[in-house]
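# Secondary and tertiary structure notes
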Amino acid sequence: MEKQIVDDFLDEEYFNELRDLVMGSGFMWMYQDAVGTHAEDRDGEFYFVHSLYNGTQCEKESPMFNKIVPLLNALDMKSLVRARFLMYVNQGKQVVHESHQDTLFPHNAALLYLNTNDGYTGFDDGTKVQSVANRLVVFDGTQWHHSTTCTDEKTRCVIAVNYF
């Protein structure tokens, strides 16, 4: 599958509702001490996650799941594998995380950027998709890719969805 990049993917009102929810001061996040497979050995490789759905357990993991149903419908998916909100914090320098594959089996991976910043998603073919609010990138989740932190905002927030 070729990478697809779509700007202004969601209706502006719904997008703003999602962004305000996730980036609000009362939102619950879980600390993760590694980004990628071997990141625990690398400086600055941490992030925060709010898991919405985990396909290995076939269950919704958050009452916030219902908030992303319109997004899932817009992706025209057949089956959901995983859905998460991700937050990378500004560390005063841009940290480029370890490259990884989301899974070893072919599927679609979609990233919806919730805020505009100088962070990006990089791919091993050299492509960089900049974090622009309401931009969606869809690609094969077996493709090697990496995230980064940002330096021009407090956080970089993304919705990550894996599906068929």
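Quick summary incoming for the structure in this document. Position numbers for residues start from 1 in each chain and track the written sequence from start to end. Under the rules for a predicted model, residues below a pLDDT of 70 receive no local features and side-chain atom pairs below 80 are neither given nor counted, while totals for whole chains, interfaces and linings still include all residues. The side-chain figures draw on all heavy atoms in the structure; neither hydrogens nor water molecules are used.

### A word on the pairing of strand β11 (residues 155-163)
Relative accessible area decides the class of each residue, using a 1.4 Å probe on protein chains only: under 20% of the type maximum gives buried, over 50% gives exposed, and in between gives partly exposed. The helix and strand labels rest on DSSP assignments: H or I over at least four residues marks a helix, E over at least two residues marks a strand, and numbering proceeds from the N terminus. Within β11, 9 of the 9 residues are buried, leaving the element largely enclosed by the surrounding structure. What you see with β11 is no split at all: Thr155, Cys157, Ile159, Val161 and Tyr163 on one side and Arg156, Val158, Ala160 and Asn162 on the other are buried throughout. Two strands pair when backbone bridges link them, and strand β5 (residues 80-89) and β11 are joined in this way by 9 bridges, in the antiparallel orientation. When the sheet's bridge partners are listed, Phe85 is paired in β11 with Ile159. In this structure, strand β6 (residues 108-113) lies alongside β11, joined through 6 bridges in antiparallel fashion. From the neighbouring strand, Ala110 faces β11, where its bridge partner is Val161. Strands pair, by our definition, only if DSSP identifies at least two bridges between them.

### Some points on the pattern of salt bridges
The rule for a salt bridge is simple: a side-chain nitrogen of Lys or Arg has to be within 4 Å of a carboxyl oxygen of Asp or Glu. Tallied over the entire structure, the rule returns 4 salt bridges. With its nearest N and O atoms 2.9 Å apart, the salt bridge here joins Asp125 to Lys3. With Asp125 in the loop between β7 (120-123) and β8 (128-130) and Lys3 in the segment before β1 (4-6), this residue pair connects regions lying 122 residues apart in the sequence. Residue Lys3 is classed as partly exposed on the basis of its relative accessible area, which comes to 23%. Arg19 is paired through a salt bridge with Asp20; the nearest N and O atoms lie 3.1 Å apart.

### Considering the environment of Met30
The topology assignment puts Met30 in strand β2 (residues 30-32). According to the relative accessible area criterion, Met30 is exposed, its value standing at 56%. Distance from Met30 to Tyr47, taken between C-alpha atoms, is 8.5 Å for residues 17 residues apart in sequence. Note on definitions: a residue-residue contact is assigned when non-hydrogen atoms from the two residues lie within 4.5 Å. Setting aside chain neighbours within four positions, we find Met30 in contact with Tyr47, Phe48 and Val49.

### Focus on the sheet that holds strand β10 (residues 145-146)
Read across the open sheet, the 3 strands follow the order β8-β7-β10; overall the sheet is antiparallel. Only two strands of the sheet have a single partner each, and these edge strands are β8 and β10. Note: β7 against β8, 3 bridges, orientation antiparallel. When the bridges of β8 are listed, Gly122 appears paired with Lys128.

### Describing the pairing of β6
Most of β6 sits out of view: 5 of its 6 residues are buried. Taken together, the 5 bridges between β6 and strand β9 (residues 136-140) define a ladder with antiparallel strand orientation. From the neighbouring strand, Asn108 faces β9, where its bridge partner is Asp140.

### Focus on a negative patch on the surface
Patch building starts from residues that exceed 30% relative accessible area and form no salt bridge, then joins like charges within 9 Å and nonpolar side chains (Val, Leu, Ile, Met, Phe, Trp, Tyr) within 5 Å. Areas reported here follow the Shrake-Rupley algorithm with a probe of radius 1.4 Å; residue values treat only the protein chains shown as occluding. When charges are counted, Lys and Arg contribute as positive and Asp and Glu as negative, whereas His and the chain ends are disregarded. Charged groups are reduced to one reference atom each: NZ for lysine, CZ for arginine, CG for aspartic acid, CD for glutamic acid. The grouping of Asp8, Asp11, Glu12 and Glu13 at the surface amounts to a negative patch. Residue class for Glu12 comes out exposed when judged on its relative accessible area of 59%.

### Some details on the environment of Thr148
One can find Thr148 in the loop between β10 and β11. Accessibility expressed as a relative area gives 0% for Thr148, which makes it buried. Along the sequence, Thr148 and Val158 sit 10 residues apart, while their C-alpha atoms lie 11 Å from each other. Apart from residues no more than four positions distant in its own chain, Thr148 is found in contact with Tyr88, Gln94, Val95, Val96, His97, Gly119, Tyr120 and Arg156. Within 3.5 Å is the distance limit for a polar contact, defined as a pair of N or O atoms, with the added protein rule that one can donate a hydrogen and the other accept it, and that residues adjacent in sequence qualify only through two side-chain atoms. A polar atom in the side chain of Thr148 sits 2.9 Å from the backbone nitrogen of Tyr120.

Everything listed is a geometric property; what it means functionally is a separate question.
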